[in-house]
Amino acid sequence: MKMKAIRGWNTAAKIGLFALVCTLFSACGDNLVSNPNDIVFPSSNVSYNDQVQPLFNVGCNFSGCHNDASQAGFIRLTAWTYLFDTPGMVVPGKPENSPLYQVMSGDLAHVASFQARINNNHIQGIYTWIQEGAKNN
């Protein structure tokens, strides 16, 4: 298929239009949550990919906290596998025994304040996800 050139447009304008179109299409993805309140956990069948990781991305994964570079407390919350790098951080089926849930619920101390970024739905969602087996789903 041969495409017709856009008449009167220079190369820079064409590249700019292409970049704009690519940006618009990439902005349609599901992973572009920037406000923790936009993440709502269901009462069951919690998804790591749809709720847990997006919450970590906006609430925990940034410079100075639990991203890949900073690893505060040697803990990374950037991928499911890293939750199990620290033995006992998540005990599938047992939220009360999981430090991840204990910190989020306030039962275990945390150095930095993060409570303003999470709500009761998030805390209950993490509880449910762990109780359901902490699956990579």
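The structure we're discussing is the one just above.
What counts as what
Residues numbered from 1 in each chain as written. Predicted model: local features only at pLDDT ≥ 70, side-chain atom pairs only at ≥ 80, totals over all residues. Heavy atoms only, no water. Helix = DSSP H or I, 4+ residues; strand = E, 2+ residues; numbered from the N terminus. Buried < 20%, exposed > 50% of the residue type's maximum accessible area, 1.4 Å probe, protein only. Contact = heavy atoms within 4.5 Å. Areas by Shrake-Rupley, 256 points an atom, 1.4 Å probe, with all protein chains shown as cover. Expected span 1.5 Å × (residues − 1). Polar contact = N/O pair within 3.5 Å; in protein donor to acceptor, adjacent residues only side chain to side chain. Salt bridge = Lys/Arg side-chain N within 4 Å of Asp/Glu carboxyl O. Phe/Tyr/Trp six-rings, centres within 6.5 Å; stacked < 30°, edge-to-face > 60°. Lys NZ or Arg CZ within 6 Å of the ring centre and 35° of its normal. Core = buried A, V, L, I, M, F, W, Y, C linked by side-chain atoms within 4.5 Å.

S.K.: Could you give me a rundown of the overall build of the protein, with the residues and numbers involved?
M.R.: Broken down by element type, the protein carries four helices and zero strands. Reading the protein from its N terminus to its C terminus gives the helix and strand order α-α-α-α. Classification of the 137 residues of the protein by burial places 31% in the buried group. A separation of at least 24 residues holds for 48% of the contacts in the protein among residues at least 6 apart in sequence. Accessible surface for the protein amounts to roughly 8,800 Å². Of this, 57% is attributable to carbon and sulfur atoms.

S.K.: Break down helix α4 (residues 120-131) for me, citing the residues and quoting the values.
M.R.: Compared with the 16 Å implied by 1.5 Å per residue over twelve residues, the 16 Å span of α4 between its first and last C-alpha is a close match. Of all the positions in α4, only H122, I123, G125, I126, Y127, T128, W129 and I130 are classed as buried. Two to three positions downstream of the cap, the backbone nitrogen of N121 sits 2.9 Å from a side-chain oxygen, assigning the N-cap of α4 to N119. Backbone geometry just after α4 places G133 at a positive phi near 110°.

S.K.: Give a detailed account of the pattern of salt bridges, specifying residues and quantitative values.
M.R.: For the structure on display, the rule yields two salt bridges. D68 is the salt-bridge partner of R76, the closest N and O atoms lying 3.7 Å from each other. For D68, a relative accessible area of 40% translates into the label partly exposed. Between D85 and R76 there is a salt bridge, and its shortest N-O distance comes to 3.9 Å. Three or more residues are tied together by salt bridges with common partners; here these are D68, R76 and D85.

S.K.: Explain unusual backbone geometry residue by residue, including any values.
M.R.: At Q71, a residue that is not glycine, the phi angle is positive and equals roughly 45°. Within the secondary structure, Q71 sits in the loop between α2 (48-59) and α3 (99-105). Not every positive phi belongs to a glycine, and F74 is a case in point at roughly 60°. Within the secondary structure, F74 sits in the loop between α2 and α3.

S.K.: Before we move on, could you go through the packing of aromatic side chains and cite the residues and values that matter?
M.R.: Within the structure shown, the criterion is met by three aromatic pairs. Geometrically, the ring pair formed by Y101 and Y127 is edge-to-face, given 5.1 Å between the ring centres and 65° between the ring planes. With a gap of 26 residues between them, Y101 in helix α3 and Y127 in helix α4 connect regions that are remote in the sequence. Above the face of the Y82 ring, R76 is positioned so that its terminal group lies 3.5 Å from the ring centre.

S.K.: Can you break down the nonpolar core residue by residue, with the values?
M.R.: If you look at the biggest cluster of nonpolar residues, it comprises 26 residues, and the most contacted ones within it are V52, F56, L83, V90, L100, I126 and W129. Elements supplying a minimum of two residues to this core: α2, α3 and α4. With near-sequence residues (within four places) excluded, L100 lies in contact with F56, L83, M89, V90, I126, W129 and I130.

S.K.: Which residues make up the side chain of Q53, and what values go with them?
M.R.: In this fold, Q53 is placed in helix α2. There is a polar contact of 2.7 Å between the side chain of Q53 and the side chain of N57. Discounting chain neighbours no more than four positions away, the residues touching Q53 are Y48, N61, L77, T78, A79 and W80.

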